[in-house]
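Single-letter residue listing:
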Amino acid sequence: MEHGYSVRLSKIVKDLNVELIYSPYDLNDVKISSTDVNRPGLQLGGFFEYFDSARIQLIGMSEYAYLKKFDDKALMKKLDSFFALNPPVVIVARDL
């Protein structure tokens, strides 16, 4: 849900003390405008209808356990399909 405001991703990373692993963009240039967060289990499983690519994506224990079931080739195919949706940020939680 949008409320007409946005927050720079650099502020979120700093305020939450998130460890940045990789970003192809300057975090000051990425604006988050959705207050909703998505757990992308369905998308990692191949279901992309109704997906809101503006949301922060959160990979937790369930999504991680699901992804661990696949060999490298299948895993890369799933991740490529997911990242092709261009989410603004993907957070991998629980030190995974």
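None of the values given here were measured: they were computed from a predicted structure.

We now examine the layout of surface pockets. There is about 1,100 Å³ of room inside the largest pocket. Taken together, 32 residues line the largest pocket, and the ones lying closest to its centre are Y22, V89, V90, I91 and V92. Secondary structure elements with two or more residues in the lining of the largest pocket: helix 1 (9-15), strand 4 (56-59), helix 3 (61-67), helix 4 (72-83) and strand 5 (90-92). When its residues are assigned to classes, the lining of the largest pocket shows 26 nonpolar, two polar and four charged.

For the rest of this paragraph, the subject is the pattern of salt bridges. Overall, the coordinates contain four salt bridges when judged by the stated rule. Of the charged contacts, one joins D15 and K11 as a salt bridge, the two residues approaching to 2.6 Å between their closest N and O atoms. Residue D15 and its partner K11 are both found in helix 1; the two are separated by four residues, about one turn of the helix. Of the charged contacts in the structure, one is a salt bridge between D52 and R55, with a shortest N-O distance of 3.5 Å. A relative accessible area of 24% means that R55 is categorised as partly exposed. Look at the salt bridges and you will find they share partners, linking D36, D52 and R55 into a network.

Basis of the calculations
- Residues numbered from 1 in each chain as written.
- Predicted model: local features only at pLDDT ≥ 70, side-chain atom pairs only at ≥ 80, totals over all residues.
- Heavy atoms only, no water.
- 1 Å grid on protein atoms, 1.4 Å probe; cavity = no way out; pocket = protein on both sides within 12 Å on 5 of 7 lines; lining within 4 Å.
- Points joined across faces, edges and corners; volume = space filled by probe spheres on them.
- Helix = DSSP H or I, 4+ residues; strand = E, 2+ residues; numbered from the N terminus.
- Nonpolar A, V, L, I, M, F, W, Y, C, P; charged D, E, K, R; others polar.
- Salt bridge = Lys/Arg side-chain N within 4 Å of Asp/Glu carboxyl O.
- Buried < 20%, exposed > 50% of the residue type's maximum accessible area, 1.4 Å probe, protein only.

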